[in-house]
Amino acid sequence: MSDLTEPQYLKLADQAFRRIQDALEPVDPDDADYEFNGDVLTIGFANGVKCVINTQRPARQIWLAAKARAWHFSWDEGAGKWMDDKGSGDDLFGLLQRIVQENAGATIRL
């Protein structure tokens, strides 16, 4: 589990979700449409792929699932990023940029 306090986690998670929504705003909704409901952001792509990003408060992580894969991101204070806890080197925003590019053909800035 992360060393973040609950308030720190909530602030960082909220910032991450706002940043993702802001980056998706200019994308053509025919290519990628998104919905934020509670702690879950779902992105549906025209090719039928779905991407789900949600908070995992007990673990103080952000989870992402797409194309039958899942990633768990923990806050890395040193890097100042949400990093995959499996050691893949993926960060939340970099991975999401690749997923949107591959499925919507759109470049988002995170």
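Worth saying up front: this structure is predicted, and the values here are computed from it rather than measured.

What counts as what
- Each chain carries its own residue numbering, running from 1 in the written order of its sequence.
- Local features in this predicted model are restricted to residues of pLDDT 70 or higher, and side-chain atom pairs are both shown and tallied only at a pLDDT of 80 or more, whereas totals for entire chains, interfaces and linings draw on every residue.
- To obtain the side-chain values, all non-hydrogen atoms of the structure were included, while hydrogens and water were left out.
- As used here, the term nonpolar core means buried Ala, Val, Leu, Ile, Met, Phe, Trp, Tyr and Cys residues forming a set that is joined through side-chain atoms within 4.5 Å.
- Exposure categories follow from relative accessible area, calculated using a 1.4 Å probe and restricted to protein chains: below 20% of the type maximum is buried, above 50% is exposed, and the middle band is partly exposed.
- Labels follow the DSSP assignment, with helices taken as runs of H or I lasting at least four residues and strands as runs of E lasting at least two, numbered in each case from the N terminus.
- What makes two residues a contact is simply this: any of their non-hydrogen atoms within 4.5 Å.
- In short, DSSP must find at least two bridges between two strands for them to pair.
- Here an angle of 0 to 180 degrees is reported between the N-to-C directions of two axes, which are lines fitted to C-alpha atoms, with helices fitted over the stretch in contact.
- In what follows, roughly perpendicular refers to angles from 65 to 115 degrees, roughly parallel to angles under 35, roughly antiparallel to angles over 145, and oblique to any angle outside these ranges.
- Left-handed describes a crossing whose near helix is turned anticlockwise from the far helix through less than a right angle; right-handed describes the clockwise counterpart.
- Under the scheme applied, nonpolar residues are Ala, Val, Leu, Ile, Met, Phe, Trp, Tyr, Cys and Pro; charged residues are Asp, Glu, Lys and Arg; polar residues are all the others, including Gly.

## Remarks on the nonpolar core
Line of reasoning, step 1. If you look at the biggest cluster of nonpolar residues, it comprises 33 residues, and the most contacted ones within it are Ile53 and Leu64.
Line of reasoning, step 2. For this core, the secondary structure elements donating two or more residues are helix H1 (6–24), strand E2 (40–45), strand E3 (50–56), strand E4 (61–66), strand E5 (69–76) and helix H2 (92–104).
Line of reasoning, step 3. Examining the composition of this core, we find that eight residues originate from one element, H1, more than from any other.
Line of reasoning, step 4. The contacts of leucine 64, once residues within four sequence positions are left out, are Cys51, Val52, Ile53, Arg69, Ala70, Trp71, Phe73, Leu92, Leu95, Leu96 and Ile99.

## Describing the sheet that holds E2
Line of reasoning, step 1. Strand order in the open sheet made by the six strands is E1-E2-E3-E4-E5-E6, with antiparallel pairing throughout. The open sheet has two edge strands with one neighbour each: strand E1 (32–37) and strand E6 (81–84). Ignoring which end each strand starts from, the neighbouring axes of this sheet average 20° apart.
Line of reasoning, step 2. Relative to E6, E5 runs antiparallel, the two being bridged by four bridges. Directly across from tryptophan 75, in E6, lies its bridge partner tryptophan 82.

## Overview of the packing of H1 against H2
Line of reasoning, step 1. Two elements in contact, H1 and H2, have axes whose closest approach is 12 Å; the angle formed by their N-to-C orientations is 25°. Taken together, the axis directions place H1 and H2 in an arrangement best described as roughly parallel. Here the hand of the crossing between H1 and H2 comes out right-handed. Taken together, the residues of H2 that come into contact with H1 (itself represented by Ala16, Arg19, Ile20 and Leu24) are Leu92, Phe93, Leu96 and Val100.
Line of reasoning, step 2. Taken together, the residues that form the contact of H1 with H2 break down as seven nonpolar, no polar and one charged.

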